[in-house]
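Okay, here's what each chain looks like letter by letter:
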Amino acid sequence: MNVNEKLRNIAIIAHVDHGKTTLVDAMLRQSHVFRSNEQVAERVMDSGDLERERGITILSKNTSILYNDVKINIVDTPGHADFGGEVERVLNMVDGVLLLVDAFEGPMPQTKYVLRKALEQKLKPIVVINKIDRPDQRVDDVYDEVLELFMELDADDEQLDFPCIYATAREGVAKYQMEDESSSLEPLMETIVKEIPPPSGDADGTLQMMVTTLEADEYVGKVAVGRIIRGSVKANQGVALISGDHESKARVGKVFVYQGLKRVEVPEAGLGEIVALTGLGEVSIGYTVADAENPEALPTINIDEPTLSMTFGVNTSPFAGREGQFVTSRHLRDRLFREVETNVSLRVEETDSADVFKVSGRGELHLSILIETMRREGYELQVGKPEVVYKTINGQRCEPMENLTIEVPQEYMGTVMESLGTRKAELSNMTEVSGYMRMEFVIPARGLIGFRSELLTNTKGNGIMNHVFCGYVPYKGDIPGRTRGSLVAFEQGETTGYGIYTLQDRGTMFISPGQQVYEGMIVGENSRELDIDINPCKKKNVSNMRTSSSDEAIRLVPPRILSLEQALEYINEDELVEVTPENIRLRKTILDRTARGRANKNARK
């Protein structure tokens, strides 16, 4: 058994917004990865535009720092349950985890989700209580809550004896005790080197490496990232790729390791190192890269099943092809199947129509991030209403359930519980955390569709919700959908202020004057139950007595602008969201008014 003392592999796990990406920034700065005159962006690990805008980590990333000649490989993991597929794979690459907890909020549901996975894999935990400079910090209570969480997750005695570090990641300060004086992250680095076990295994044996992440590089094709479990890997070495019954031969192109944020080419990498290999051709996540002569497979990775699906189709509206660069079904098909190669929790299936694909993922956020990424790349598409993925278990129709945690000020507790009651949610726990009520529910996944925007409206923006998948149960019965109909335009043209003004008593408008609309496009929400066909392009008649500019002081109510997630939550079964690089429009599946009326009549029969 060889031990690589000069190496430590850790993953940082934490709930959304507890500061893990900020902590990695501080560690990189203090290990002098950047030159003193180098301009460094904040949250340097969140490289995607969407990650920066939303302040969330979507893809796990690798980096490394040097501390007293010991190389520490750090993997930054996503905190959102929708990206749980990322987390499970990442934990296969490390020997320990840094559990980061906010000094006020304490451990949160997603912390629990990732920590359970880490403890099951017998990884060594280090707890970091972050943001200790908050005026409302409750460090002692939070420590007790973390201890309770470990006990709840059946941690063994060794895991319960976790070291705890107190930190302010933004200032780059860590301490062993709250009263200690410190001006750097040295106590944290020391603890990592001392507590996290170095990688061990057979350094002289034949190669074994699990591919846990794929990166796409336009010059060298797929880059397979993983950890060397046994042996070593050299550039130009012949290897075998194994997955289930599949086995093929390949040749490694170049071998890269991580230094700071850069990938650095090396001739050879040994036991325990996290490497990126090029030239492996048709490799996929979960493959074992093994010795060409004596290939031995590693155990495969289990990944959470998708719970939500929706249809992605070619844009068929009258405005199709005006704003996008990629508009054909071939473009759409290639892009979706390319995404599946690197996005393991995603499934793409062909349907009866060549222009429509069924895409299944871990949740609304997971799918909306994909749609948003595609529209920014220049794709035009139309997507259907999100639907949950049902399963038949022992002859019964079962649906996915989620553990939902909600934090709201006490005065909004009643309205939130009322709206969750109609969505078949069951309250499982309730605690008070300094003026806020933290409520835990078990709710069908379909009951969450559209709930986020309702929660924000009901709590005036003060509600916080998080959910994680908890299993399948028999179907819970019908959940009422949207109670209001749509306002649908019945002709193509440009909207006018006068046209909108005459209609705004009918409901809430989604459009403003001077906008192009087409027949069958949804331009607002009716205040009643049924859909109404309207004409927002109506012009004022001009006569001898009246000019088109008189009565000018019309007052328009500002329109409700829907974001992509809100649009997906809003639509009904007979509606679609048209997504282009410049616009998000809602439309009826059947645009023609007469044909739509006929279809509705047949459906009622």
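Everything numeric in this text was worked out from a predicted model, so none of it was measured.

Participant: Tell me what's going on with the overall build of the protein chain, and back it up with residues and numbers.
Facilitator: Broken down by element type, the protein chain carries 14 helices and 37 strands. When each of the 605 residues of the protein chain is scored for burial, the buried share is 53%. Restricting to contacts in the protein chain with at least 6 residues of sequence separation, those with at least 24 account for 71%. Just so you have it, the protein chain exposes about 27900 Å², and 46% of that area is on carbon and sulfur atoms.

Participant: I'd love a proper account of the packing of aromatic side chains, names of residues and values included.
Facilitator: Across all of its chains, the model carries six aromatic pairs by this definition. Here Phe510 and Tyr570 contribute two aromatic rings whose centre-to-centre distance is 5.4 Å and whose plane-to-plane angle is 85°, an arrangement assigned as edge-to-face. Of the two residues, Phe510 sits in the loop between strand E32 (507-509) and strand E33 (516-517) while Tyr570 sits in helix H13 (residues 564-570), which places them 60 residues apart along the sequence. As far as burial versus exposure is concerned, Phe510 and Tyr570 are alike and both buried. Three or more aromatic residues joined by ring pairs make a cluster, and in this case those are Tyr143, Phe150 and Phe162.

Participant: An account of the UniProt feature "binding site: GTP" (unreviewed entry) in the protein chain is needed here, citing residue identities and associated values.
Facilitator: When the UniProt feature table is mapped onto this chain numbering, "binding site: GTP" (unreviewed entry) sits at Asp17, His18, Gly19, Lys20, Thr21, Thr22, Asn130, Lys131, Ile132 and Asp133. Along the polypeptide, Thr22 turns up in helix H1 (residues 20-30). For Asp133, the location among the structural elements is in the loop between strand E6 (124-130) and helix H5 (139-152).

Participant: Got a sec to walk through helix H8 (residues 329-342)? Specific residues and values, please.
Facilitator: For H8, built from 14 residues, the straight-helix expectation of 20 Å at 1.5 Å per residue is met to within 8% by its first-to-last C-alpha distance of 21 Å. Listed in full, the buried residues belonging to H8 are Leu332, Arg335, Leu336 and Glu339. Projected down its long axis, H8 shows its buried positions confined to an angular sector of 95°, all on one face. Buried positions along H8 lie against strand E20 (308-313), strand E21 (347-350), strand E22 (356-361), helix H9 (364-376) and strand E23 (381-383).

Participant: An account of the nonpolar core is requested, with residue identities and associated values reported.
Facilitator: Within the largest apolar cluster, 35 residues are counted, with the highest numbers of intra-cluster contacts made by Leu99, Leu115, Val127, Ile129, Val146 and Phe150. Ranked by residue count, the leading element in this core is H5, at five residues. Ranked by size, the runner-up nonpolar core spans 31 residues in total, among them Val348, Met374, Ala445 and Leu564.

Participant: Lay out the pattern of salt bridges in plain terms, naming residues and giving numbers.
Facilitator: Per the stated rule, a full pass over the model turns up 29 salt bridges. A salt bridge links Lys124 to Glu195, with the shortest nitrogen-to-oxygen separation between them at 3.5 Å. Residue Lys124 is found in strand E6, and its partner Glu195 is found in helix H7 (residues 186-195); the two are separated by 71 residues along the sequence. The exposure class assigned to Lys124 is buried, which follows from its relative accessible area of 13%. Here Lys588 and Glu575 are joined by a salt bridge, their closest N and O atoms 2.8 Å apart. Of this pair, Lys588 sits in strand E37 (residues 584-588) while Glu575 sits in strand E36 (residues 575-579), and the two are 13 residues apart along the sequence. Assessed through its relative accessible area of 1%, Lys588 is described here as buried. You can call Glu575 buried: its relative accessible area is 1%. Members of the salt-bridge network, linked through shared partners, are Asp531, Asp574, Glu575 and Lys588.

Participant: Requested: an account of the packing of H8 against H9, with residues and values cited.
Facilitator: For the pair H8 and H9, interaxial distance at closest approach is 12 Å and the crossing angle is 130°. Regarding the angle of H8 to H9, the classification is oblique. Crossing handedness for the pair H8 and H9: right-handed. Contacts between H8 and H9 involve Leu332, Arg335, Leu336 and Glu339 from the first element and Leu370, Thr373 and Met374 from the second. The class makeup of the residues in the contact of H8 with H9 is four nonpolar, one polar and two charged.

Participant: Any chance you could break down the side chain of Asn9 for me, citing the residues and the numbers?
Facilitator: Inspection of the secondary structure assignment puts Asn9 in strand E2 (residues 7-14). Setting aside anything within four residues of it in sequence, one finds Asn9 in contact with Asn73, Met93, Val94, Asp95, Gly96, Ile196, Pro199, Arg227, Gly272 and Ile274.

Participant: Lay out H9 in plain terms, naming residues and giving numbers.
Facilitator: A rise of 1.5 Å per residue sets the reference length of H9, with its 13 residues, at 18 Å; its end C-alpha atoms lie 18 Å apart and thus fit the reference within 8%. Counting buried positions along H9 gives eleven out of 13 residues, so the element sits mostly inside the fold. Where H9 is concerned, the buried positions are Glu364, Leu365, His366, Leu367, Ser368, Ile369, Leu370, Ile371, Glu372, Met374 and Arg375. The positive-phi residue at the C-terminal boundary of H9 is Gly378, with phi of around 105°.

Participant: Hey, could you go over a nonpolar patch on the surface for me, with residue numbers and the actual values?
Facilitator: A cluster of nonpolar residues, Tyr501, Ile554 and Leu556, forms a patch on the protein surface that exposes about 220 Å² of accessible area. Considering the arrangement of structural elements, one finds Leu556 in the loop between strand E35 (532-534) and H13. Among the residues examined, Leu556 registers a relative accessible area of 31% and is labelled partly exposed.

Participant: Residues and numbers for the confidence of the model for the protein chain, please.
Facilitator: Residues at a pLDDT of 70 or more form 88% of the protein chain, whose mean pLDDT is 81. Put simply, helix H2 (residues 49-54) is where the protein chain has its lowest mean pLDDT, 44, and E23 is where it has its highest, 94. With pLDDT under 50 throughout, residues 34-60 is counted as low confidence; its partners more than four residues away or in other chains account for 75 contacts. This stretch, residues 79-84, has a pLDDT under 50; its non-local contacts, to residues over four places away or in other chains, come to 26 contacts.

Participant: For the pairing of E20, give the residues involved together with the corresponding values.
Facilitator: In terms of residue burial, E20 counts as a mostly covered element, since five of its six residues are buried. The pairing of E20 with E22 spans six bridges and is classified as antiparallel. Looking at E22, one finds that Met310 is bridged to Val359. Looking at chain direction, E20 and strand E24 (residues 387-388) are connected through two bridges and run antiparallel. Bridge pairing in E24 places Ser309 opposite Glu387. Judged from the two bridges that link them, E20 and E23 form a sheet pairing that is antiparallel. When the sheet's bridge partners are listed, Gly313 is paired in E23 with Gln382.

Reading the values: the criteria
- Residues numbered from 1 in each chain as written.
- Predicted model: local features only at pLDDT ≥ 70, side-chain atom pairs only at ≥ 80, totals over all residues.
- Heavy atoms only, no water.
- Helix = DSSP H or I, 4+ residues; strand = E, 2+ residues; numbered from the N terminus.
- Buried < 20%, exposed > 50% of the residue type's maximum accessible area, 1.4 Å probe, protein only.
- Contact = heavy atoms within 4.5 Å.
- Areas by Shrake-Rupley, 256 points an atom, 1.4 Å probe, with all protein chains shown as cover.
- Phe/Tyr/Trp six-rings, centres within 6.5 Å; stacked < 30°, edge-to-face > 60°.
- UniProt positions renumbered as here; feature names shortened; annotations may be inferred.
- Expected span 1.5 Å × (residues − 1).
- Arc of directions from axis to C-beta.
- Core = buried A, V, L, I, M, F, W, Y, C linked by side-chain atoms within 4.5 Å.
- Salt bridge = Lys/Arg side-chain N within 4 Å of Asp/Glu carboxyl O.
- Axes fitted to C-alpha atoms, helices over the stretch in contact; angles between N-to-C directions.
- Parallel < 35°, antiparallel > 145°, perpendicular 65-115°, else oblique.
- Left-handed = near helix turned anticlockwise from the far one by under 90°.
- Nonpolar A, V, L, I, M, F, W, Y, C, P; charged D, E, K, R; others polar.
- Patch = residues over 30% accessible without salt bridge, like charges linked within 9 Å, V, L, I, M, F, W, Y side chains within 5 Å.
- pLDDT = per-residue confidence, 0-100.
- Pairing = 2+ DSSP bridges.

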